[in-house]
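# Coordinate inspection notes
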Amino acid sequence: MQLNNQEISKKNIFSKTEEELQYKIADKVMQLFFPSIHEPELAENMDLQIANIVYDFLNASNANTNIDLNSLIQKFSDSQVPIEPSSFESYFKYLTNNIITHSIHTSSPRFIGHMTSALPYFVQPLAKLMTAMNQNAVKIETAKALSFYERQALSMMHRQIYSFSDNFYAQHIQNNQSTLGILVSGGTIANITALWCARNTSLGPKNGFGGIEKEGLALALNFYGYKGAVVIGSELMHFSFDKAVDLMGIGTQGLIKIPVDSNNRVNIQVLRQAVAKCRNQNLHIIAIIGVAGTTDSGSVDPLLEIAEIAHENNVHFHVDAAWGGPIIFSKKYRHKLAGIKQADSVTIDGHKQLYLPMGIGMVFFRDPHLASSIEKEASYTMRKGSFDLGKRALEGSRPGMSLFLHAGLNLIGLKGYEFLIDESIRKTQYMATRISAMSEFELLVKPDTNLLTYRYIPEPLREVVAKKQLTKTDNLLITQLNENLQKMQRQIGRTFISRTTKTITSFDEKISVVALRAVIANPLTTEEDIDAVLNDQIQIGSEISMLSFFAN
Ligand SMILES: *Cc1c(COP(=O)(O)O)cnc(C)c1O
């Protein structure tokens with residue numbers, strides 16, 4: 001009933017000979033590779049059109065578009081590939097009407113609900129340079145200078161975390177036996193890589209046993225005399241750890257989640273007990289995780305105390321500082337990360353508080369030889385003793401993202417990053433103060449860094465909140481209202497805040513409630529923007545409250 005692609009195309013070119021058609025396609029395709037020779041205006045046109053669109057996109061005042069998801073799905077439900085090359089003009093029109101207009105303005109100063117924000121301008125020309133050069137960081141034969149440049153950028157970051165001696169860095173920075181850090185696509189892969197190294201090192205080759213890398217988990221546990229293996233950390237650990245334990249073969253039941261205190265920091269006493277219990281049960285602890293900046297609320301675990309527990313038990317200590325890592329740039333706040341120096345491995349995301357494009361995850365190692373435990377070779381590449389970065393990495397081919405990292409460290413610098421971190425925390429404190437002063441809101445936790453959780457309180461319940469006498473039913477009502485408020489706010493699209501769930505205590509009972517979640521990191525966000533977001537929520541909140549009163 002349906003014409004296949006070839007039949008359609010034959011119909012369209014009925015009058016042309018096969019030869020003419022082949023020539024036309026070859027010509028069109030080759031033009032795409034050499035636009036400047038065949039059609040000088042084409043390249044110029046592409047650049048100009050993109051520049052205009054980017055300008056408009058970045059200067060839009062709203063955060064979201066109000067198209068509903070079902071209409072979007074309709075737009076993307078055709079899976080046919082066009083037979084002949086399309087023109088850039090028509091494709092660009094398609095992009096503008098269907099993608100660009102319905103994308104999220106993550107750089108909007110009033111989009112303050114997620115960890116994705118405005119980027120410095122220099123990343124745009126650098127992105128062009130990176131794709132134009134098309135270096136493949138997997139091996140020296142496709143990257144050359146970039147391999148050493150990447151190692152240098154990672155060492156610069158390593159030095160900020162561990163501050164070892166000049167001698168240490170001179171010895172390891174360009175030593176192909178050493179790995180100070182690995183550049184990966186994101187925090188998820190960084191966390192997985194860290195645990196992979198911890199697993200392989202702790203269950204390595206010994207007395208004739210080939211090690212877990214060679215013989216697998218079952219034989220390794222058997223050889224070492226363990227009943228099973230686990231990873232332990234806070235219940236607010238990022239969900240990348242669920243992926244990691246699944247991949248490592250220990251199952252998500254092998255991820256032990258320790259409750260947090262009222263400040264969202266892991267409960268050290270319970271952690272200590274869990275570690276003792278695992279040891280009593282003969283379970284191998286692959287790693288203990290400390291979170292420096294939880295995705296949920298920005299809280300920082302007591303890293304010094306966790307380090308002590310890990311040290312006493314001779315267990316790998318990993319710090320997930322994907323979000324909070326760059327706080328080390330701030331003289332005023334770096335004390336919050338005290339203990340990070342003792343970590344055996346640390347994750348930091350460049351695409352969060354280093355203000356770099358997505359695709360820059362990093363994992364750092366205290367011991368420059370820890371990553372030898374995951375090293376792989378291949379005869380056509382990844383030769384032993386080479387500088388090929390892919391031999392100690394989960395990923396294979398990958399782009400030269402180190403360009404952004406190195407550039408950011410140079411163009412923004414320590415002082416620049418310090419300014420950005422300090423400003424974010426200052427603005428978060430401003431927002432917390434505003435929220436505390438307004439009866440329309442309740443601050444749920446005093447912010448540790450630059451995330452904030454709070455909720456809107458409908459008028460009739462404001463006095464009850466002030467007296468701390470909310471019942472479970474009141475909380476249920478407030479939860480429903482806040483969930484609707486957040487959805488409505490997102491749909492209207494003037495401003496944006498995300499939502500999460502928090503456990504609170506109401507009359508000695510622990511209950512789960514919905515909280516609004518602000519992430520204050522966009523350098524373009526001003527106090528005025530923060531006020532605008534709160535006012536938007538008050539307006540939407542009061543409208544919903546009215547509606548629900550009529551409904552009741
Ligand atoms: C964002 C985040 C991750 C995951 O990073 P991706 O880059 O999204 O893969 C892991 N841990 C924490 C604490 C994070 O905030």
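About the cut-offs
Residues numbered from 1 in each chain as written. Predicted model: local features only at pLDDT ≥ 70, side-chain atom pairs only at ≥ 80, totals over all residues. Heavy atoms only, no water. pLDDT = per-residue confidence, 0-100. Contact = heavy atoms within 4.5 Å. 1 Å grid on protein atoms, 1.4 Å probe; cavity = no way out; pocket = protein on both sides within 12 Å on 5 of 7 lines; lining within 4 Å. Points joined across faces, edges and corners; volume = space filled by probe spheres on them. Helix = DSSP H or I, 4+ residues; strand = E, 2+ residues; numbered from the N terminus. Nonpolar A, V, L, I, M, F, W, Y, C, P; charged D, E, K, R; others polar. Domains from an automatic or database assignment. Salt bridge = Lys/Arg side-chain N within 4 Å of Asp/Glu carboxyl O. Buried < 20%, exposed > 50% of the residue type's maximum accessible area, 1.4 Å probe, protein only. Arc of directions from axis to C-beta. Pairing = 2+ DSSP bridges. Axes fitted to C-alpha atoms, helices over the stretch in contact; angles between N-to-C directions. Core = buried A, V, L, I, M, F, W, Y, C linked by side-chain atoms within 4.5 Å. Near = heavy atom within 4 Å. Polar contact = N/O pair within 3.5 Å; in protein donor to acceptor, adjacent residues only side chain to side chain. Lys, Arg positive; Asp, Glu negative; His and termini not counted.

## Some details on the confidence of the model for the protein
For the protein, per-residue confidence averages 92 on the pLDDT scale, and residues scoring 70 or more make up 95% of the total. Contacts for the low-pLDDT stretch residues 5-11, under 50 throughout, to residues beyond four places or in other chains number 7 contacts.

## What about the layout of surface pockets?
Here the largest pocket is characterised by a volume of approximately 1,500 Å³. Along the wall of the largest pocket there are 44 residues; nearest its centre are Val-54, Leu-58, Leu-119, Val-123 and Gln-124. Tallying contributions element by element places helix 4 (residues 40-58) first for the lining of the largest pocket, with 9 residues. Class assignment for the residues of the lining of the largest pocket results in 32 nonpolar, 9 polar and 3 charged. Residue assignment places the lining of the largest pocket across two domains, with domain 1 (5-127) and domain 3 (416-551) each supplying three or more. What the second largest pocket holds in volume is close to 950 Å³.

## Quick word on the pattern of salt bridges
For side chains of opposite charge, pairing can occur when their charged atoms come near one another. Within this structure, the stated rule accounts for 22 salt bridges. With a shortest N-O distance of 2.3 Å, Asp-166 and Arg-159 are connected by a salt bridge. Accessibility expressed as a relative area gives 55% for Asp-166, which makes it exposed. Of the charged contacts in the structure, one is a salt bridge between Arg-265 and Asp-448, with a shortest N-O distance of 3.2 Å. Linking Arg-265 in the loop between strand 3 (255-258) and helix 14 (268-280) with Asp-448 in the loop between strand 8 (441-443) and strand 9 (451-456), this pair joins segments that are 183 residues apart in sequence. A relative accessible area of 29% means that Arg-265 is categorised as partly exposed. When salt bridges with common partners are traced through the structure, they connect Arg-265, Lys-336 and Asp-448 into a single cluster.

## Comments concerning helix 15 (residues 303-312)
Of the positions making up helix 15, those classed as buried are Leu-303, Ile-306, Ala-307, Ile-309 and Ala-310. What you see down the axis of helix 15 is that its buried residues fit within an arc of 160 degrees, all on one side. Buried residues along helix 15 sit against helix 14, strand 4 (283-291) and strand 5 (316-320). Following helix 15 by one or two positions, Asn-314 adopts a phi angle in the positive range, close to 55 degrees.

## Quick look at the sheet that holds strand 4
One open sheet accounts for 7 strands, arranged 1-7-6-5-4-2-3; its pairing is mixed. Only two strands of the sheet have a single partner each, and these edge strands are strand 1 (181-184) and strand 3. Here the average twist between neighbouring strands, direction ignored, is 20 degrees. Relative to strand 3, strand 2 (residues 228-234) is paired through 4 bridges, and the arrangement is parallel. By the bridge assignment for strand 3, Ser-234 is matched with Ile-258. In the packing of helix 9 (residues 145-162) onto the sheet, contacts are made with strand 1, strand 6 (345-349) and strand 7 (361-365), and the angle to strand 7 comes to roughly 65 degrees.

## Remarks on unusual backbone geometry
With glycine set apart, most residues show a phi of negative sign, and most peptide bonds adopt trans. A positive phi angle, close to 65 degrees, is found at Asn-282, a residue other than glycine. Mapped onto the fold, Asn-282 is located in the loop between helix 14 and strand 4. Note on Asn-282: relative accessible area 35%, which makes it partly exposed. Unusually for a residue other than glycine, Asn-314 sits at a positive phi of about 55 degrees. Assessed through its relative accessible area of 72%, Asn-314 is described here as exposed.

## Things to note about the nonpolar core
Counting residues in hydrophobic clusters, the biggest one holds 66 residues, and the most contacted among them are Met-157, Ile-288, Val-319, Val-346, Met-362 and Leu-405. Those residues within four positions of Val-346 in sequence are excluded, and the remaining contacts are Ile-161, Tyr-162, His-318, Val-319, Ala-321, Ile-340, Met-362, Val-363 and Phe-364.

## A word on the site of the ligand
Taken together, 15 residues sit near the ligand, with Thr-188, Asp-320, Asp-349, His-351 and Lys-352 positioned nearest. In the model, an oxygen atom of the ligand is placed 3.1 Å from a nitrogen or oxygen of the Thr-295 side chain. Looking at the shell around the ligand element by element, the count peaks at 3 residues for helix 11 (residues 187-202).

## Details of the side chain of Arg-462
Relative to the helices and strands, Arg-462 is located in helix 18 (residues 462-466). For the buried residue Arg-462, which engages in no salt bridge, the nearest side chain bearing the opposite charge is Glu-440, 4.6 Å off. A distance of 3.1 Å separates the side chain of Arg-462 from the side chain of Tyr-456, its partner in a polar contact.

## Section: helix 7 (residues 123-133)
Working note: α-helix, 3.6 residues per turn, so residues spaced by three or four point in the same direction. Of the residues making up helix 7, those classed as buried are Val-123, Leu-126 and Met-130. Down the axis, helix 7 shows its buried residues gathered within 60 degrees of arc, on one side only. In this structure, helix 7 carries Thr-131 and Ala-132 as exposed residues pointing more than 90 degrees from its buried face. Tucked inside the fold, the buried residues of helix 7 contact helix 16 (402-411). Downstream of helix 7 by one or two residues, Asn-134 has phi in the positive range, about 45 degrees.

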